[in-house]
Amino acid sequence: VVAEGTLSIDTFDALGTINMYPNPTNANLTIDFQIQDIEKLNVKVFNLLGKEMLTKQISKNDSSVKVSNLNDGIYIVRITSLNGQNSITKRFVKN
């Protein structure tokens with residue numbers, strides 16, 4: 001049996017840029033994106049054990065995610081288009 005096709009989804013690399021700052025942070029994480037034909041994104045933050053810690057929909061006008069209530073540590077951020085066809089995973093440090 002040979003599987004055809006891919007099991008992954010596309011990343012945003014070819015469509016534009018996504019930047020997160022400041023990193024490390026202690027209060028708010030800004031996710032700045034310039035992506036063709038996309039105005040909103042879904043953001044999920046996970047701890048290193050894979051537990052979902054928060055979810056937020058961001059837009060170009062509201063791209064800040066409040067992380068002050070999270071414990072200090074390293075977190076994984078999954079940024080996904082609203083239709084789920086594109087995504088990217090990034091990391092940040094909460095201090």
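Reading the values: the criteria
Sequence positions are assigned chain by chain, starting from 1 and proceeding in written order. Predicted model: local features are reported for residues with pLDDT of at least 70 only, side-chain atom pairs are reported and counted for 80 or more only, and whole-chain, interface and lining totals are derived from all residues. Values reported for side chains reflect all heavy atoms of the structure, with hydrogen atoms and water molecules removed beforehand. Secondary structure follows DSSP: runs of H or I at least 4 residues long count as helices, runs of E at least 2 residues long count as strands, and numbering of each begins at the N terminus. Each residue is assigned to one of three classes by its accessible area relative to the maximum for its type, calculated with a 1.4 Å probe on protein chains only: buried under 20%, partly exposed between the two thresholds, exposed over 50%. Whether two residues touch is decided by their heavy atoms; if any such pair falls within 4.5 Å, the residues are in contact. Using a 1.4 Å probe, the Shrake-Rupley method yields the accessible areas, and only the shown protein chains count as cover for residues. Here, nonpolar core means buried Ala, Val, Leu, Ile, Met, Phe, Trp, Tyr and Cys residues that are tied together by side-chain atoms lying within 4.5 Å of each other. What makes two strands pair is DSSP finding at least two bridges between them. Structural elements are reduced to axes, namely lines fitted to C-alpha atoms, with helices fitted over the stretch in contact, and the angle between N-to-C directions of any two is expressed from 0 to 180 degrees.

**What to know about the overall build of the protein**
A count of helical and extended segments in the protein gives zero helices and seven strands. Mapped in sequence order, the helices and strands of the protein form the string β-β-β-β-β-β-β. Buried residues in the protein amount to 33% of all 95 residues. Long-range contacts, defined here as pairs at least 24 residues apart, represent 50% of the contacts in the protein between residues at least 6 apart. Accessible surface computed for the protein: about 6,200 Å², of which carbon and sulfur atoms make up 47%.

**A word on the side chain of Ser63**
Tracing the chain through its elements places Ser63 in the loop between strand S4 (52-59) and strand S5 (64-66). On the basis of relative accessibility, which here comes to 15%, the residue Ser63 falls in the buried class. The residues touching Ser63, leaving out its near neighbours within four places in the chain, are Leu29, Thr30, Ile31 and Ile58.

**As for the nonpolar core**
Ranked by internal contacts, the top residues of the largest apolar core, which has 20 residues, are Ile31, Val77 and Phe92. Elements represented by at least two residues in this core include exactly strand S1 (16-21), strand S2 (28-35), strand S3 (40-46), S4, strand S6 (73-81) and strand S7 (87-94). It is S2 that contributes the most residues to this core, four residues altogether. Residues within four places of Ile31 in sequence aside, it is in contact with Ile18, Asn19, Met20, Val43, Ile58, Ser63, Val65, Val77 and Ile79.

**Section: the sheet that holds S7**
Pairing within the open sheet is antiparallel, and its four strands lie in the order S4-S3-S6-S7. Two strands lie at the open edges of the sheet, namely S4 and S7, each paired on one side alone. Averaged over neighbouring strand pairs, the angle between their axes works out to 25° when direction is ignored. In this sheet, S4 lies alongside S3 in antiparallel orientation, the contact comprising seven bridges. Note that in S4 the partner of Lys44 across the bridge is Thr55.

**Looking at unusual backbone geometry**
Geometrically, the link from Tyr21 to Pro22 is a cis peptide bond, its omega value of -10° lying close to zero. Relative to the helices and strands, Pro22 is located in the loop between S1 and S2. Cis geometry marks the peptide bond from Asn23 to Pro24, where omega comes out at 10°. With respect to the helices, strands and loops of the structure, Pro24 is situated in the loop between S1 and S2. Despite not being glycine, Asp37 has its phi angle at roughly 65°, a positive value. If you trace the backbone, Asp37 turns up in the loop between S2 and S3.

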